[in-house]
Amino acid sequence: MSPLSNLSKPLLFLDVDGVLNPAEPHPVTDFEAHTVLDFRVLLSARHGEWLRELGQVYELCWATTWEEDANIHLAPLLGLAPLPVVRFAGYRPQPGDPRVRLMELFSGAKWAPLLRHANGRPFAWLDDVMPFRLVRNSLLRRDRLLLPVDPHQGLERHHVDRLLSRPPRRLRPGGGRGN
C-alpha cells in the first residue's frame, strides 16, 4: 500500500498523558521512565512503532497540553519526526464554536480547537478525557472517530487495529450532522 498524501489522509489527534504516558501500564516492563521537564514520563517503543504504522493511513497531530514540547521532548524518544500541533493554551472561543455544556467544561475543552484545526477534514481522536456525549455522537458520523483510552493502560493494540480497520472518511455533501 503506497502512503497517501497528507491532504487525503484523515487527521489523528494524539493526546500524551493517559494515552502515550499511562498511569499504571501493564506490563510495566514495556515502558521506560524518562524525566522530561521535571515530570516522570513512561514511554514505550511499541507506541512509537504503532504510531509510525498509523502514519501510513493518518496525518498524526499532537492534541496535548504539551503542545510544541511534545515535538521537542517526546517525539525523539518515540522515534517520530516533529508533528503538527493543535494549540490549546490561550485559545479563546470564536464565533461558530460548538457549545460546551457546563458539566463538560474540563472534558470538552479541546473540542473547539480540534474542530478548528481539522477545518472539515475527517479525523480520529485518541484521548483519556473526552465527553461521553461527543463519543456517542461520533458513532453517527463516518468522518469522525473518537476513541477514549483508559488512562491507566494507555494506548493498546485494539485501538490501533480499530483506527486501521475503518479510518474516518469525508462525508458526501449534505451528509453531516451537528458537532
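So, how was this worked out
Residues numbered from 1 in each chain as written. Predicted model: local features only at pLDDT ≥ 70, side-chain atom pairs only at ≥ 80, totals over all residues. Heavy atoms only, no water. Phe/Tyr/Trp six-rings, centres within 6.5 Å; stacked < 30°, edge-to-face > 60°. Helix = DSSP H or I, 4+ residues; strand = E, 2+ residues; numbered from the N terminus. Buried < 20%, exposed > 50% of the residue type's maximum accessible area, 1.4 Å probe, protein only. Polar contact = N/O pair within 3.5 Å; in protein donor to acceptor, adjacent residues only side chain to side chain. Pairing = 2+ DSSP bridges. Axes fitted to C-alpha atoms, helices over the stretch in contact; angles between N-to-C directions. Contact = heavy atoms within 4.5 Å. Salt bridge = Lys/Arg side-chain N within 4 Å of Asp/Glu carboxyl O. Core = buried A, V, L, I, M, F, W, Y, C linked by side-chain atoms within 4.5 Å.

Caption draft 1: Seen up close, the packing of aromatic side chains. For the coordinates displayed, the defined rule picks out four aromatic pairs. Judged by centre distance (5.9 Å) and plane angle (25°), the ring pair of Trp111 and Trp125 falls under stacked. One end of the pair, Trp111, is in helix α3 (residues 111-118); the other, Trp125, is in strand β5 (residues 123-127), and 14 residues separate them in sequence. Owing to a relative accessible area of 0%, Trp125 belongs among the buried residues under this scheme. One aromatic cluster is present, built from ring pairs that chain together Phe13, Trp111, Phe123 and Trp125.

Caption draft 2: Seen up close, the environment of Ser8. In this fold, Ser8 is placed in the segment before β1 (11-14). The sequence separation of Ser8 and Arg121 amounts to 113 residues, and the corresponding C-alpha distance is 8.8 Å.

Caption draft 3: How the structure looks around the side chain of Arg121. Position of Arg121 among the secondary structure elements: in the loop between α3 and β5. In terms of polar contacts, Arg121 uses its side chain to reach the side chain of Glu59, at 2.9 Å.

Caption draft 4: Representation of the sheet that holds β5. If you walk across this open sheet you meet the four strands as β4-β1-β5-β6, and the pairing is parallel. Looking at which strands have only one partner, the edges of the open sheet turn out to be β4 (59-62) and β6 (144-148). Taking each pair of neighbouring strands and ignoring which way they run, the sheet shows an average axis angle of 20°. Together, β1, β5 and β6 form the strand contacts of helix α5 (residues 157-165), whose direction differs from that of β6 by roughly 175°.

Caption draft 5: Quick look at the pattern of salt bridges. Counted under the stated rule, the structure contains eight salt bridges. In this structure, Arg141 engages Asp143 in a salt bridge whose closest nitrogen and oxygen atoms are separated by 2.8 Å. On the accessibility criterion, Asp143 (8% relative accessible area) is buried. In this structure, Arg157 engages Asp161 in a salt bridge whose closest nitrogen and oxygen atoms are separated by 2.8 Å. Here Arg157 pairs with Asp161, and both are found in helix α5, just four residues apart, close to one helical turn. Here the residues in one salt-bridge network are Asp15, Lys110 and Asp127, joined through shared partners.

Caption draft 6: Local environment of the nonpolar core. Of all hydrophobic cores here, the largest spans 31 residues; its most connected members are Leu12, Trp62, Leu126 and Leu163. Going through the elements one at a time, β1, β3 (39-43), α1 (45-54), β4, α2 (68-78), β5, β6 and α5 are the ones with two or more residues in this core. When residues of this core are assigned to their parent elements, the largest contribution, four residues, is made by α2. Not counting the four nearest positions on each side in its chain, Trp62 is found in contact with Leu14, Val16, Leu20, Ala70, Asn71, Ala75, Leu78, Leu80, Leu83, Pro84, Val85 and Val86. Leu11, Phe13, Phe88 and Leu115 belong to the second-largest nonpolar core, a separate cluster that totals 16 residues.

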